[in-house]
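Residue-level structural notes
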Amino acid sequence: MRDLEVRTIWRTAAEHCELVWSQFNGYRVRLWVRNSLILEETLGNAEDGMRRGWELRNEWPVLVE
């Protein structure tokens, strides 16, 4: 078993969202814009993380305004 796994949920030229799982921190969704981490949320499982990642795809322009 790996101690850390990272899965890209979606990516564009300037931003990407990833689901990160670690043995010690559980599941986290991270939103990166121009190589800067602008949001990180802890979630209970992979399904919730994937769903939240796709929600962020629609919400992210509002988050940075």
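If you're wondering where the values come from, they're calculated on a predicted model, not measured in any experiment. Throughout, residues of each chain are indexed from 1 in the direction in which the sequence is written. Only residues with pLDDT of 70 or above have their local features reported here, since the model is predicted, and side-chain atom pairs are shown and tallied only from 80 upward, although totals for entire chains, interfaces and linings are computed over all residues. For the side-chain quantities, the full set of heavy atoms in the structure was used; hydrogens and water were omitted.

1. As for the overall build of the protein chain
The secondary structure listing takes helices from DSSP runs of H or I that are at least 4 residues long and strands from runs of E that are at least 2 residues long, numbered from the N terminus. When helices and strands are counted, the protein chain shows one helix and four strands. Each helix and strand of the protein chain, ordered N terminal to C terminal, gives the series β-β-β-β-α. For 65 residues, the compact-globule formula gives about 11 Å, and the C-alpha radius of gyration of the protein chain, at 11 Å, lands near that figure. Throughout this description, buried means an accessible area under 20% of the type-specific maximum (1.4 Å probe, protein chains only), exposed means over 50%, and partly exposed covers the range between. The burial tally for the protein chain puts 31% of its 65 residues in the buried class. Put simply, of all contacts in the protein chain between residues at least 6 apart along the chain, 25% involve residues at least 24 apart. Only the protein chains shown count as cover for residues, and all accessible areas are computed by the Shrake-Rupley method using a 1.4 Å probe. On the protein chain, roughly 4500 Å² of surface is accessible, and the fraction owed to carbon and sulfur atoms is 47%. In this charge count, Lys and Arg are treated as positive and Asp and Glu as negative; neither His nor the chain ends contribute. Positions of charges follow a simple convention, taking NZ of Lys, CZ of Arg, CG of Asp or CD of Glu. Separation of charge centres in the protein chain, based on 9 positive and 11 negative side chains, amounts to 4 Å. For this measure, only C-alpha atoms enter the radius of gyration; the expected value for a globule follows 2.2 Å times N^0.38, where N is the number of residues. Contacts: residue pairs with any heavy atoms within 4.5 Å of one another.

2. Quick look at the layout of surface pockets
Within this scheme a cavity is a closed region of a 1 Å grid, computed over the protein atoms alone, that accommodates a 1.4 Å probe without allowing it to escape, whereas a pocket is open but has protein on both sides within 12 Å along at least five of seven lines; lining residues each have an atom within 4 Å of a point. Grid points are joined across faces, edges and corners, and a volume is the space filled by probe spheres set on the points. Empty space within the largest pocket amounts to approximately 160 Å³. Elements supplying a minimum of two residues to the lining of the largest pocket: β1 (4–11) and β2 (15–22). Throughout, the ten residues Ala, Val, Leu, Ile, Met, Phe, Trp, Tyr, Cys and Pro are labelled nonpolar, Asp, Glu, Lys and Arg are labelled charged, and all others, Gly among them, are labelled polar. Residues belonging to the lining of the largest pocket are distributed by class as follows: six nonpolar, no polar and three charged.

3. Some words on the pattern of salt bridges
Whenever Lys or Arg places a side-chain nitrogen within 4 Å of a carboxyl oxygen from Asp or Glu, that contact is recorded as a salt bridge. Enumeration over the complete set of coordinates arrives at seven salt bridges. For Glu 40, the salt bridge identified is with Arg 28, shortest N-O distance 4.0 Å. Of this pair, Glu 40 sits in strand β4 (residues 36–43) while Arg 28 sits in strand β3 (residues 26–33); the two residues are 12 residues apart in sequence, bridging distant segments of the chain. Residue class for Glu 40 comes out partly exposed when judged on its relative accessible area of 35%. When salt bridges that share partners are traced, they join Glu 41, Arg 52, Glu 55 and Glu 59 into one network.

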